[in-house]
Amino acid sequence: VPWWEQVFLRLQELLQQHLQALLLWYLSWFLQSVYPYLKDGTLDQVFDYKAKLTKSKTAEEYKAYYTTGYKTDVERIVITDKTMTFYKNGEEKKFEYRYAGKHTLTYTKGNRGVRYLFEATDPNAGEFKYVQFSDHQIAPNKAAHFHIFFGGESQEALYNELENWPTYYPSDLSGFEIAQEMLAH
């Protein structure tokens, strides 16, 4: 094979690799937990606003409620067409998932929510074996954020998790932008 053909084939191979990487990046969701913004005070303006608006709780009571709800040690999640990578305490755990259906929950207040169910194909996925997404919608719609539940016991066990709802926004948003979205939510 002539040298110029080898160069051309190598360039073609490199271009294909870069296109695949770009496509993977484009089709991926990069999500960040809001819990660090709650802890550092970035979301305090949200709790102040809610307290003034509803007068049913103080800002401190709202912050306590959302501290329980948002609490998680998974800082980031990257989702591709088949995988989810969880970043926890400086480590990453990556598994392939299959879609396992959806489940509609009716809450005690009478409102309903849909959870989209995923199951890791790796039986040793541990606390990330079962994953559920909730976006406050019953019908498909564009979501600004997600509540992402995960556990190692079963999907049914996750249905009962109603006090802690780890919340994730796109990673390209700043804490201030997330707070502004919450004020509009």
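Definitions and limits used
Residues numbered from 1 in each chain as written. Predicted model: local features only at pLDDT ≥ 70, side-chain atom pairs only at ≥ 80, totals over all residues. Heavy atoms only, no water. Core = buried A, V, L, I, M, F, W, Y, C linked by side-chain atoms within 4.5 Å. Buried < 20%, exposed > 50% of the residue type's maximum accessible area, 1.4 Å probe, protein only. Helix = DSSP H or I, 4+ residues; strand = E, 2+ residues; numbered from the N terminus. Contact = heavy atoms within 4.5 Å. Axes fitted to C-alpha atoms, helices over the stretch in contact; angles between N-to-C directions. Parallel < 35°, antiparallel > 145°, perpendicular 65-115°, else oblique. Left-handed = near helix turned anticlockwise from the far one by under 90°. Nonpolar A, V, L, I, M, F, W, Y, C, P; charged D, E, K, R; others polar. Salt bridge = Lys/Arg side-chain N within 4 Å of Asp/Glu carboxyl O.

## A short note on the nonpolar core
In terms of nonpolar packing, the biggest core is built from 20 residues, with Val 34, Leu 38, Leu 43, Phe 47, Tyr 66, Tyr 70 and Met 182 touching the most fellow members. Mapped onto this core, the elements with two or more residues apiece are helix H2 (35-39), helix H3 (44-54), helix H4 (59-70) and helix H6 (175-184). When residues no more than four places from it in sequence are discounted, the contact partners of Tyr 70 are Val 34, Tyr 35, Leu 38, Leu 43, Asn 164, Trp 165, Pro 166, Thr 167 and Met 182. The next biggest cluster of nonpolar side chains, apart from the first, holds 17 residues, and it includes Ile 77, Ile 79, Val 131 and Phe 150.

## Things to note about the packing of H3 against H6
Put simply, H3 and H6 touch, their axes get as near as 9 Å, and they point 15° apart. Overall, the two elements H3 and H6 adopt an arrangement that is roughly parallel. When you trace H3 past H6, the crossing you get is right-handed. Between H3 and H6, the contacting residues are Gln 45, Val 46 and Tyr 49 on the first element and Phe 176, Ala 179, Gln 180, Met 182 and Leu 183 on the second. A class-by-class count of the residues in the contact of H3 with H6 yields six nonpolar, two polar and no charged.

## Observations concerning the pattern of salt bridges
Here the idea is simple: oppositely charged side chains can pair when their charged atoms come close. One pass over the full model with this rule turns up six salt bridges. Between Lys 63 and Asp 44 there is a salt bridge, with the nearest N and O atoms lying 3.0 Å from each other. Within this pair, whereas Lys 63 is found in helix H4, its partner Asp 44 is found in helix H3, the two being separated by 19 residues in sequence. Since its relative accessible area comes to 26%, Lys 63 is described here as partly exposed. Accessibility expressed as a relative area gives 29% for Asp 44, which makes it partly exposed. Of the charged contacts, one joins Arg 98 and Glu 119 as a salt bridge, the two residues approaching to 3.2 Å between their closest N and O atoms. Taken together, the residues span a long stretch of sequence, with Arg 98 in strand S4 (residues 91-106) and Glu 119 in strand S5 (residues 112-120) at a distance of 21 residues. Classification of Arg 98 as partly exposed rests on a relative accessible area of 42%.

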